[in-house]
Amino acid sequence: MTKWFETLSGLKAAAWATLQTGVKQADHPARLPSFATVSATGYPEVRTVVLRAADPAQGAVSVHTDLYSPKVASLRATPLAAIHIWDETQALQLRLSVEVTIQHGAEVGALWGRIPDHAQQSYGVTPSPGTPIANALDYRKEPDPDSFAVLHCTVMRLDVVHLGDQHRRAEFTRDSGWVGQWLAP
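Predicted, not measured: the structure shown is a model, and the values here were computed from it. (Residues numbered from 1 in each chain as written. Predicted model: local features only at pLDDT ≥ 70, side-chain atom pairs only at ≥ 80, totals over all residues. Heavy atoms only, no water.)

### A word on the pairing of strand β3 (residues 51-55)
- Pairing between β3 and strand β4 (residues 60-66): four bridges, direction antiparallel. In the sheet register, alanine 53 faces β4, and the bridge partner there is serine 62.
- Between β3 and β4, which follow one another and run antiparallel, lie four residues, and glycine 59 among them has a positive phi close to 65°. (Pairing = 2+ DSSP bridges. Helix = DSSP H or I, 4+ residues; strand = E, 2+ residues; numbered from the N terminus.)

As structure tokens, this is what we get:
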């Protein structure tokens, strides 16, 4: 019997199932991926985000952020990002190359109303995220729907690595219609 990591279709299915599980389960490794952008000065920036949606049919994922965070400024200059997930249980690494669209205001207004009050606290920090402050707690959290943004990430490339007894790696691209290609690990 063939195992999921032995076929291109199995790897692709496992990758998207992992992403979807990360959206649904707070304790899943895919829930908190690393999200990398390029700063205005050209340096790479990486931070942890919360995965909020994963849609294999559209080939897209999304995360929420404060509109005034440095990552949004970086994405306005260069609307490209990389997402990295390591799932130790499956010995599975996912790397997504994405094109990012920043959605805010009226286009995400309905979503704001579905976010729990405690989570709304993350959108509307004064001073804005990344601003120097004199002391660790010299900021206020004031939930503000105008500070809420969704980073809609169109997946252009999905690099999947299974680090089992025999390592396997495959690439799936939007340009190829998601047809997989084995790569040397």
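Past the structure itself, the notes keep going.
### With respect to the packing of aromatic side chains
- Applying the stated criterion to the full structure yields four aromatic pairs.
- Residues tryptophan 112 and tyrosine 123 carry aromatic rings whose centres are separated by 6.1 Å and whose planes lie at 70° to one another, so their mutual orientation is edge-to-face. Here the residue tryptophan 112 occupies a position in helix α3 (residues 109-112), and tyrosine 123 occupies one in the loop between α4 (117-120) and β7 (125-126), the gap between them amounting to eleven residues. Residues tryptophan 112 and tyrosine 123 agree in their burial class; the two are buried.
- Taken together, a centroid distance of 5.0 Å and an interplanar angle of 75° make the contact between tyrosine 123 and phenylalanine 148 edge-to-face. Taken together, the residues span a long stretch of sequence, with tyrosine 123 in the loop between α4 and β7 and phenylalanine 148 in strand β9 (residues 148-163) at a distance of 25 residues.
- Here tyrosine 123 falls in the buried class, since its relative accessible area comes to 7%.
- Given a relative accessible area of 0%, phenylalanine 148 falls into the buried group.
- Here the aromatic cluster, defined as three or more aromatic residues joined through ring pairs, consists of Trp112, Tyr123 and Phe148. (Phe/Tyr/Trp six-rings, centres within 6.5 Å; stacked < 30°, edge-to-face > 60°. Buried < 20%, exposed > 50% of the residue type's maximum accessible area, 1.4 Å probe, protein only.)

### A few points about the pattern of salt bridges
- On inspection of all chains with the given rule, the structure shows six salt bridges.
- Note that arginine 95 is salt-bridged to aspartate 159, the shortest N-O span being 3.2 Å. Within this pair, whereas arginine 95 is found in strand β6 (residues 92-104), its partner aspartate 159 is found in strand β9, the two being separated by 64 residues in sequence.
- Its salt-bridge partner being glutamate 142, residue arginine 140 comes within 2.9 Å of it at the nearest N-O pair.
- The partly exposed category is assigned to glutamate 142, whose relative accessible area is 35%. (Salt bridge = Lys/Arg side-chain N within 4 Å of Asp/Glu carboxyl O.)

### Quick notes on the nonpolar core
- Ranked by size, the top nonpolar core spans 33 residues in total, and within it Leu19, Phe35, Val61, Leu96 and Leu151 carry the most contacts.
- Elements with a minimum of two residues in this core: α1 (8-24), β3, β4, α2 (70-77), β5 (80-87), β6, β9 and β10 (167-173).
- Membership of the second largest hydrophobic core comes to seven residues, among which are Val108, Trp112, Ile115 and Val150. (Core = buried A, V, L, I, M, F, W, Y, C linked by side-chain atoms within 4.5 Å.)

### Some details on the layout of surface pockets
- Roughly 310 Å³ of internal volume is contained in the largest pocket.
- Taken together, the elements giving at least two residues each to the lining of the largest pocket come down to β2 (44-48) and β4.
- With three residues, β4 is the largest single contributor of residues to the lining of the largest pocket. (1 Å grid on protein atoms, 1.4 Å probe; cavity = no way out; pocket = protein on both sides within 12 Å on 5 of 7 lines; lining within 4 Å. Points joined across faces, edges and corners; volume = space filled by probe spheres on them.)

### A look at the environment of threonine 41
- Looking at the element boundaries, threonine 41 is found in the loop between β1 (34-38) and β2.
- On a C-alpha basis, the gap between threonine 41 and serine 74 in space is 9.3 Å, while along the polypeptide they are 33 residues apart.
- At a separation of 2.9 Å, a polar atom in the side chain of threonine 41 contacts the side chain of serine 39. (Polar contact = N/O pair within 3.5 Å; in protein donor to acceptor, adjacent residues only side chain to side chain.)

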